[in-house]
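Coordinate analysis (summary)
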Amino acid sequence: MTRIKSLDELKNKRDELKSALSLLDDPDNPDRKVQIKVAMATCGIASGARSIKDFLTAELSKRNIPSVVTQTGCMGYCYAEPTIEVKLPGREAVIFGYVDRIKADEIIEKYIKKGELTEGVIPRNYSTID
Amino acid sequence: MEKQITQQGQLRIALRNCGMLDPENIAESIARDAYQALGKVLKELSPQECINILKQSGLRGRGGAGFPTGLKWEIASKSQSDQKYVVCNADEGDPGAFMDRSILEGDPHSVLEAMAICGYCIGADKGLIYIRAEYPLAIKRLRIAIDQAMEYGLLGKNILGSGFNFEIKLRYGAGAFVCGEETALIHSMEGKRGEPTNKPPFPATSGFMKKPTNVNNVETFANIAPIILKGPDWFSSIGTKNSKGTKVFALAGKINNVGLIEVPMGTSLREIIYEIGGGIKEDKKFKAVQTGGPSGGCLTEKHLDTPIDYENLIEAGSMMGSGGMIVMDENDCMVSVAKFYLDFIVGESCGKCTPCRVGNKRLYEILEKITQGKGVMKDLEKLKNLSYIIKDTALCGLGQTSPNPVLSTLENFYDEYYEHVVEKKCRAGHCKNLFHYVINEELCVGCAACKRCCPVHAITGDKRMPHYIDSNICIRCGECIEKCSFDAISIQLEPKILV
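Residues numbered from 1 in each chain as written. Chains lettered and ligands numbered in written order. Predicted model: local features only at pLDDT ≥ 70, side-chain atom pairs only at ≥ 80, totals over all residues.

**Structural notes on the overall build of chain B**
Note the cut-off: Strands are runs of DSSP state E lasting at least 2 residues, helices are runs of H or I lasting at least 4, and numbering of each runs from the N terminus. For a compact globule the rule gives 2.2 Å times the number of residues to the power 0.38, and the radius of gyration it is set against comes from C-alpha atoms. Here exposure depends only on C-beta density: within 10 Å of a residue's C-beta, 20 or more other C-beta atoms make it buried, 12 or fewer make it exposed, and intermediate numbers make it partly exposed, the C-beta atoms being placed from the backbone. Here the contact rule is simple: place C-beta atoms from the backbone, and any two residues whose C-beta atoms are within 7 Å are in contact.
When its secondary structure is counted, chain B shows 20 helices and 14 strands. A globule of 499 residues ought to have a C-alpha radius of gyration of about 23 Å, and chain B, at 26 Å, matches this closely. Dimensions of chain B, computed from the C-alpha atoms along their principal axes, are close to 85 × 45 × 40 Å. Each of the 499 residues in chain B was classed as buried or not, and the buried ones make up 56%. By sequence separation, contacts in chain B at least 24 residues apart represent 72% of the contacts at least 6 residues apart.

Okay, here's the thing in structure tokens:
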């Protein structure tokens, strides 16, 4: 990776990365993807998040759903671990709690394929600064 | 002005990126404005201008004591030396606290960026993160983050073409609680015993390797970048008169929504427990909240509507601490809670000064005596006097605050102490010497389920006849009460010695 040599370069880089991300999320883009984040701080991993991430990655590709599954840090819902955030292109991100394999399968079939909400949705209970 | 944002519940500043991005991929952090504040500081601000922004913002140390961060940086910047250091205190040791770990695991770049900004402001080119070895994932993610930031030229030599150099190294702690105290932390990093020394000299004049050192907590650092980017007025508009911004709390204990939360200063306990936390488990009655860990105290029902900030917590006999919040219900015995913290302190006291090493041990012994039902009224007085002596004479912050759990429970739950001592009763049914199990003869069908599970064979009785528990043998493990399908076994709050 090339070094970033000035603030302007850093700003360009940020804008470039931001637009790449929003392109993924654009419902009109043929290369759009379902973006899934799995909360994987120590506590999430301890309650089984890693196997959920592997399961989602494998199943989504098996079922031919264009998607990116990434790990992320603590979402703060310790009581409902493992938690995942699913963002369908052009829609608000939804957080699901208590995700085991059965639940993950249901989320793929119901929410990701058909857009129907399943049980276990955690309402976002905070505002952030941007 | 004072309560403007509290209605909205949580506001995430320090946790802004936690759960939003992949901590092992710097590109995602950059897309979410990481290092923009560093770029702005290096290009547009002088060190003093940057320090002034922090001073105006009113940001105070999130490690617990609440020292104004801008002032701390200013003192370090004015120290004259050929070499200075920036230290990040990631030695999070309070029982039940996991704020710093979550930030480091979820958004390591926010801390690295702020450390570089601090380096620029105080004139340091080296940063050290003191992190406990029990946090292997946080260590791994920090290492990846540092490597990636070096590769991108966001740390290292000539950052963003400014001529400013800054590198960050990790130092591992072995998990000693006292090493969260900054002088002990510095000694531990130097390879010496993790023992505190008298202040002054403060680390800002003579710290790591006798050089001026600025030590800040993880959460404090995580607040820096947004303040630079959004301005001090934005930050100081959040919170109360003397405590600005937000605070991260780790909600634990008998609460429905155990979790990591960030609320504006001035939010009441009631909002935190009943709205964000979803109330007490199994709808039991709220008894107390322990804040500030072993250095803090208990807040009770009468404090439920107190706006939480540094001053109000101190006034209520507790302290902000690093942000652990342990919720307790009617089944928790407050004398045992105090004993638990003292047990922790006795194990963690470094032993250097007598009041802490010996005094806390004696406090623990008195509490042990009371929970065993052997306490006398004089013990309560002794507890109080000894607590004040330890507070006044201990060397470092650990000892000076270690009697707080005792003093605060004595103040708020004197009835419970009194009951333990005089009536030999533990109303929570927690102290094993102060209650016993009894079988209700009318409900018992003589199925012998309890008899079979009793590990010490304290239960006797013939088949299909009411059984009997011998309290002198019973160890109060509670197995039988769980096994009984007829609710025939109950707790009787009378001491063992009277049986």
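Resuming the write-up.
**Some remarks on the interface of chain A and chain B**
Operational definition: Throughout this entry, Asp, Glu, Lys and Arg are counted as charged residues, while Ala, Val, Leu, Ile, Met, Phe, Trp, Tyr, Cys and Pro are counted as nonpolar. The remaining residues, Gly among them, count as polar. Strand pairing is assigned whenever DSSP detects at least two bridges linking the two strands.
On the chain B side, the residues contacting the 30 residues of chain A number 43 residues. At the level of elements, helix H1 (7–24), strand E2 (67–72) and strand E6 (126–128) of chain A are the ones that each hand at least two residues to the side of chain A that touches chain B. Looking at the side of chain A that touches chain B residue by residue, the class counts come to 15 nonpolar, 10 polar and five charged. In the sheet, E6 of chain A pairs with strand E1 (residues 10–12) of chain B via three bridges, with the strands oriented parallel. The residue of E1 of chain B that forms the bridge with Tyr126 of chain A is Gln10 of chain B.

**Some points on the nonpolar core**
All names here are of chain B. Short version of the rule: Throughout this description, the term nonpolar core refers to a group of buried Ala, Val, Leu, Ile, Met, Phe, Trp, Tyr and Cys residues whose C-beta atoms join them within 7 Å. The source of the domain bounds is an automatic or database domain assignment.
Judged by nonpolar contacts, the single largest core of 172 residues is most densely connected at Val111, Met115 and Ile117. Sorting elements by how many residues they give to this core places helix H6 (residues 108–122) first, with 10 residues. When residues are assigned to domains, this core turns out to be shared by domain 1 (10–236) and domain 2 (334–423), each giving three or more. Among all residues touching Val111, those that are not within four sequence positions of it are Cys88, Ile103, Leu104, Val218, Phe221 and Ala222. Residues Ile439, Cys444, Ile459 and Cys480 belong to the second largest nonpolar core, which totals 12 residues.

**Details of the pairing of strand E6 (residues 246–253) of chain B**
Looking down a regular strand, the side chains alternate between one sheet face and the other. All names here are of chain B. Counted residue by residue, E6 has eight buried out of eight residues, so it is predominantly covered. In this structure, E6 lies alongside strand E7 (residues 259–264), joined through six bridges in antiparallel fashion. In the strand pairing of E7, Phe249 is matched with Ile261. Linkage of E6 to E7, two consecutive antiparallel strands, is achieved through a turn of five residues. Direction of pairing for E6 relative to strand E10 (residues 324–329): parallel, over a ladder of four bridges. The partner of Ala252 across the bridge, within E10, is Ile326.

**Notes on the domain arrangement of chain B**
Where interface size is given, it is often the accessible area lost as the parts come together that is meant. Under the domain assignment, chain B is made up of domain 1 (10–236), domain 2 (334–423) and domain 3 (435–498). Once you take the C-alpha centre of each, domain 2 of chain B and domain 3 of chain B turn out to be 34 Å apart.

**Points about the sheet that holds strand E8 (residues 286–291) of chain B**
Residues and elements named next belong to chain B. Test applied: Note on geometry: axes are C-alpha line fits, over the in-contact stretch for helices, and angles between N-to-C directions span 0 to 180 degrees.
Spatially, the five strands line up as an open sheet ordered E7-E6-E10-E8-E9, and their pairing is mixed. Two strands bound the open sheet, and with one partner strand each, they are E7 and strand E9 (297–300). Taken pair by pair, the neighbouring strands of this sheet meet at an average axis angle of 30°, ignoring direction.

**Looking at the environment of Asp100 of chain A**
Residue and element names in this part refer to chain A. Along the chain, the position of Asp100 falls in the loop between strand E4 (94–96) and helix H4 (101–114). Classification of Asp100 as partly exposed rests on a count of 14 C-beta atoms within 10 Å. Taking the C-alpha atoms as reference points, Asp100 and Ser47, separated by 53 residues in sequence, lie 9.7 Å from one another.

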